[in-house]
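Structural description and commentary
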Amino acid sequence: MGQADNMTIASGTRGITLMERAGDHVARVASEMCSSQGRIAIVCGPGSNGGDGFVAARHLHQAGHAVDVLLLKDPAGLKGDAAIAFGQMGLPSQIVEPAELKENLSGCDLIIDALFGAGLDRPLEGNAAAFADTINKSGVPVLAVDLASGVNGSTGEAEGAAVQAVRSVTFFRCKPGHYLLPGRDLCGDVSCVDIGIPESVLHEIGPQTFVNEPTLWRDAWTVPGRAGHKYDRGHAVVFSGPMSSTGAARLAAGACLRAGAGLVTLASPPSAMMVNASHLTAVMLRSVEGLEGISDLLADKRLNSLLIGPGYGVSDDTSEAVSVLLNSECAIVLDADALTSHQNAPEALFTQIKGRKAPVVLTPHDGEFVRLFPDLVALDKLARARGAAARSGAIVLLKGADTVIASPDGRAAINSNAPPWLATAGSGDVLAGIICGLLAQKMPAFEAAAMAAWLHGAAGVEAGAGLIAEDLAPAMRPVIARLVEKP
Ligand SMILES: NC(=O)C1=CN([C@@H]2O[C@H](COP(=O)(O)OP(=O)(O)OC[C@H]3O[C@@H](n4cnc5c(N)ncnc54)[C@H](O)[C@@H]3O)[C@@H](O)[C@H]2O)[C@@H](O)CC1
Ligand SMILES: Nc1ncnc2c1ncn2[C@@H]1O[C@H](COP(=O)(O)OP(=O)(O)O)[C@@H](O)[C@H]1O
Ligand SMILES: [K+]
């Protein structure tokens, strides 16, 4: 954002003009949130975020609102555009001690949080933290300027105190902190407004972090052609666990087929054939025994996408099986037990992944992540996923309510459409199956993983409250139908 601001200013738009537009938008949203007689407290910090607050105060006063401008610090310290905006405000303001803030806020209908935005460079402490705390305890709804104060816009983290907003107004583009937790929850509903920064600045800045929306991958996904054949849509294989743990692989195989793989084979240990056979219809079944059996199966060059891990069991045998899969030319998804089985020697896995041409997608939840990348866990979520992708050579889909998909080339997508109902047994198996199904259709792996996370979330919304993992594959149908209809 700093670069975008600077480039816009360098091409002739004044900084105060950007601030005027930003503050104007904030005032408009504040007016929507509060009756015309409503009293609005505008709590302003020492930088440009506070500057936006001064502009908003002026507009709201002109619109007839009672406004109280409350300052965290002495306005003598204001610099640049914020100092100009303060000078142009023409309204009384007061420096407030934290102990007095409660009284200042009582009786107001809306608080505008203009304490800190993009310039937050350390956790909120002392007076700033006390301000956030008092604002949160006031019970008055909060509109945040840019970000809820205390949220790091680049990471979504809030290491110290943070304001809880119901709504935020941000400028030009949303920031990772609006999508990553806890930032996403603290910022509330986010409106992103145009303040006159031209889109063209993005060519030079080249952002590598994206919201996971269909525009990110829709062009990489092919709808079957009129004369299409099922083999055009790929043949995927999902590896089943032993007799007592076959359900996970079957859930994955069903989702893989639903995601559009032309054919899906469940590779089952001989002992589990009966239980698998009694539950499968469109998914095909094949008995595969040991490493040799896997090698024989993979000799069929029509197979092009593989998934191993769900319910497979944690053991050295599993890591050996993974190694045989990695020797093939198929795209591969490694999930669950296939990840954990490598906890003692992750580097060997990464070396093998980097040595192959076809892509590999790793789908860890936080617990699996720490087993493979213990030294990365202290980083923020985007950095964790990116670091893991760079180290492993794989696309890494780091699960959670704010799933991040990262590529070794530096791209990362943040998924935000997943409802909490997806936190249910087997839901991750379904996700792994969807990725495998999209890889079978020859989607590039980053786009396949991103689309899968989105489909999984959208299916979760479609299935709704009370869903279980079995509901997800059927719920994908209307979601896919809508994607096909949309040009
Ligand atoms: N031209 C521009 O750059 C524009 C900036 N805009 C606004 O400017 C904001 C960014 O402004 P700034 O870069 O001045 O940054 P902020 O206003 O977010 O905060 C920076 C100030 O807060 C202090 N600070 C940071 N973290 C602190 C902490 N934890 N405790 C106490 N003090 C802390 C810094 O030392 C600095 O004085 C954006 O969020 C947006 O609201 C908008 O006006 C649009 C145009
Ligand atoms: N609170 C939540 N909100 C949205 N999605 C969630 C939430 N918790 C988990 N999920 C999603 O549900 C899936 C759970 O996967 P996983 O942890 O592997 O469970 P399982 O092994 O039981 O399938 C992941 O895709 C994850 O991103
Ligand atoms: K703010």
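Residues numbered from 1 in each chain as written. Chains lettered and ligands numbered in written order. Predicted model: local features only at pLDDT ≥ 70, side-chain atom pairs only at ≥ 80, totals over all residues.

As named in an unreviewed UniProt entry, the protein chain is Bifunctional NAD(P)H-hydrate repair enzyme, taken from Roseibium polysiphoniae. Turning to the protein chain, the UniProt annotation filed under Subunit (unreviewed entry) states: "Homotetramer." (UniProt positions renumbered as here; feature names shortened; annotations may be inferred.)

**Some remarks on the packing of helix H10 (residues 247–258) against helix H20 (residues 469–485)**
Viewed as axis vectors pointing N to C, H10 and H20 meet at an angle of 10 degrees, and their least axial separation amounts to 9 Å. Here H20 runs roughly parallel to H10, going by the angle between their axes. Between H10 and H20, the residues in contact are Leu251, Gly254, Ala255 and Arg258 and Ala469, Leu472, Ala473 and Met476, respectively. Of the residues in the contact of H10 with H20, the class split is six nonpolar, one polar and one charged. (Axes fitted to C-alpha atoms, helices over the stretch in contact; angles between N-to-C directions. Helix = DSSP H or I, 4+ residues; strand = E, 2+ residues; numbered from the N terminus. Parallel < 35°, antiparallel > 145°, perpendicular 65-115°, else oblique. Contact = placed C-beta atoms within 7 Å. Nonpolar A, V, L, I, M, F, W, Y, C, P; charged D, E, K, R; others polar.)

**Observations regarding the site of ligand 1**
Near ligand 1 you find 27 residues, and of these Gly47, Ser48, Asn49, Gly117 and Gly119 are the closest. Elements that contribute at least two residues to the shell around ligand 1 include exactly helix H2 (15–33) and helix H3 (48–62). It is H3 that provides the largest number of residues to the shell around ligand 1, a total of five residues. Here the shell around ligand 1 is built from residues that sort into 13 nonpolar, nine polar and five charged. (Near = placed C-beta within 6 Å.)

**Describing the domain arrangement of the protein chain**
Structurally, the protein chain comprises domain 1 (2–206) and domain 2 (214–485). Just the C-alpha atoms count here: the centres of domain 1 and domain 2 sit 42 Å apart. At the interface, seven residues of domain 1 touch seven residues of domain 2. The residue makeup of the side of domain 1 that touches domain 2, split by class, is four nonpolar, one polar and two charged. (Domains from an automatic or database assignment.)

**Side note on the site of ligand 2**
Taken together, 18 residues sit near ligand 2, with Lys399, Ala401, Ala418, Ala423 and Gly428 positioned nearest. Sort the elements by how many residues they give to the shell around ligand 2 and helix H18 (residues 427–440) lands first, with four residues. Residue composition of the shell around ligand 2, by class: nine nonpolar, seven polar and two charged.

**Some remarks on unusual backbone geometry**
The omega torsion across leucine 181 and proline 182 is 0 degrees, close enough to zero to call that bond cis. Residue placement: proline 182 occurs in the loop between helix H7 (176–179) and helix H8 (183–187).

**Overview of H2**
The first and last C-alpha atoms of H2 sit 27 Å apart over 19 residues, in line with the 27 Å expected at 1.5 Å per residue. Here H2 has its buried residues at Leu18, Met19, Glu20, Ala22, Gly23, His25, Val26, Ala27, Val29 and Ala30. (Expected span 1.5 Å × (residues − 1). Buried ≥ 20, exposed ≤ 12 C-beta atoms within 10 Å, placed from the backbone.)

**As for the UniProt feature "binding site: AMP" (unreviewed entry) in the protein chain**
Summarizing the sequence annotation, UniProt attributes the feature "binding site: AMP" (unreviewed entry) to Lys399, Gly400, Ala401, Asp402, Thr403 and Gly428 in the numbering used throughout. Maximum C-alpha separation among the annotated residues is 13.8 Å over a sequence range of 30 residues, consistent with a single clustered spot. Assignment of secondary structure puts lysine 399 in the loop between strand E15 (395–398) and strand E16 (404–406). Lysine 399 sits in the buried class, given 24 other C-beta atoms within 10 Å. What lysine 399 contacts, discounting residues up to four positions off in sequence, is Thr363, Pro364, His365 and Gly428. One can find threonine 403 in the loop between E15 and E16. C-beta crowding within 10 Å serves as the criterion here: with 28 such atoms nearby, threonine 403 is assigned to the buried category.

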